[in-house]
Amino acid sequence: MIRVLIADDQAMVRQGFGALLAAQPDLLVVGDAADGAAAVTAARDLNPDVILMDVRMPVMDGLEATRRLAGGPKILILTTFDLDDYVYEALRAGASGFLLKDAPAADLVQAVRVVAAGEALLAPSVTRRLIAEFTARPQKGRARPVALNALTPRETEVLRLIARGRSNQEIAADLVVAEQTVKTHVGRILTKLSLRDRAQAVVFAYETGLVAAGE
């Protein structure tokens, strides 16, 4: 059973999402919160697996709440626009993915399951946002991070493909290997680099210069 907490300052949104998720046999809505501070408190009291986190909330916004819960439950950011200004910072803060508030009901349910399973929900637009973020920065010569030395050449290749927004299935096709092999590589990459999920892997790849904008 996947335990879910809903954090949004609009009561109708909380109630609507709550009813939708509660109707699923494998999902349990353990509570809700109307602001980021309440979400942090509720998360510590209720121990959810996944938090649906709105970005713009009173008292404390979703970005700060995500930072404070880093290392805890998986966080799925709810946003009105797919190019929300918070995209990059939320990923750095520890969010595992993004979902548009007007997404179909089936997409919301599937998103919660995907994030709970340790995968990341990164739409192509989010990956493009990351590329744009780093394109705008002055490019300076950077030494290869020591952490990358722990990866095999194949794992490094897989990390580059993850950063470009490829799914496991697409990576398997690109490298002509079984999808299970890709999953094994991804798991080893996350473990070696002490990353929580694919979302963090994408940020890591761009921040360390492993993947350059425009590649």
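What counts, and where the lines are drawn
Residues numbered from 1 in each chain as written. Predicted model: local features only at pLDDT ≥ 70, side-chain atom pairs only at ≥ 80, totals over all residues. Heavy atoms only, no water. Helix = DSSP H or I, 4+ residues; strand = E, 2+ residues; numbered from the N terminus. Buried < 20%, exposed > 50% of the residue type's maximum accessible area, 1.4 Å probe, protein only. Polar contact = N/O pair within 3.5 Å; in protein donor to acceptor, adjacent residues only side chain to side chain. Contact = heavy atoms within 4.5 Å. Pairing = 2+ DSSP bridges. Salt bridge = Lys/Arg side-chain N within 4 Å of Asp/Glu carboxyl O. Axes fitted to C-alpha atoms, helices over the stretch in contact; angles between N-to-C directions. Parallel < 35°, antiparallel > 145°, perpendicular 65-115°, else oblique. Nonpolar A, V, L, I, M, F, W, Y, C, P; charged D, E, K, R; others polar.

## Things to note about the side chain of R14
Looking at the secondary structure, you find R14 in helix α1 (residues 11–22). On the basis of relative accessibility, which here comes to 15%, the residue R14 falls in the buried class. Within polar-contact distance, the side chain of R14 engages the backbone oxygen of D8 at 2.7 Å. Leave out the neighbours within four places in its chain, and R14 touches I6, D8, D9, D32, A33 and A34.

## Things to note about the pairing of strand β3 (residues 50–54)
Among the five residues of β3, five are classified as buried, and the element is accordingly described as predominantly covered. A two-sided burial pattern is seen for β3, the buried positions comprising V50, L52 and D54 on one face and I51 and M53 on the other. Here strand β1 (residues 2–7) pairs with β3 via four bridges, running parallel. From the neighbouring strand, V4 faces β3, where its bridge partner is V50. In terms of strand pairing, β3 meets strand β4 (residues 74–79) through five bridges, oriented parallel. Residue D54 lies in a different strand from β4, and its bridge partner there is L78.

## Quick notes on the pattern of salt bridges
Once their charged atoms are close, side chains differing in charge can pair, the charge on each being opposite to the other. The full count for this structure, using the stated rule, is nine salt bridges. The residue K101 makes a salt bridge to D8 at a minimum N-O spacing of 2.9 Å. Note that K101 is positioned in the loop between β5 (97–100) and α5 (105–116) and D8 in the loop between β1 and α1, a separation of 93 residues in sequence. Given the relative accessible area of 0%, D8 is considered buried. A salt bridge links D174 to R166, with the nearest nitrogen and oxygen atoms 2.9 Å apart. Classification of D174 by relative accessible area gives partly exposed; the value is 40%. Look at R166 and you get partly exposed, because its relative accessible area is 30%.

## Thoughts on helix α2 (residues 36–46)
Here α2 has its buried residues at G36, A39, V40, A42 and A43. Remark: N47 follows α2 within two positions and exhibits a positive phi of approximately 55°.

## Some remarks on the packing of helix α7 (residues 153–163) against helix α10 (residues 198–207)
Two elements in contact, α7 and α10, have axes separated by 8 Å at closest approach and are oriented at 100°. Put simply, α7 runs roughly perpendicular to α10. Here α7 contributes L159, I162 and A163 to the contact with α10, which in turn contributes R198, A201, V202, F204, A205 and Y206. Residues belonging to the contact of α7 with α10 are distributed by class as follows: eight nonpolar, no polar and one charged.

## A word on the sheet that holds β1
Here we have five strands laid out as an open sheet, ordered β2-β1-β3-β4-β5, and parallel in their pairing. One side of each edge strand has no neighbouring strand; the edge strands of this open sheet are β2 (27–33) and β5. For this sheet, the mean inter-axis angle between neighbouring strands, taken without regard to orientation, is 25°. As defined by bridge partners, β4 adjoins β5 across four bridges and the pair is classed as parallel. Following the sheet pairing, L76 is matched in β5 by G97. Here α2 sits on the sheet in contact with β1, β2 and β3, set at roughly 160° to β1.

Read these as geometric descriptors, not functional statements.
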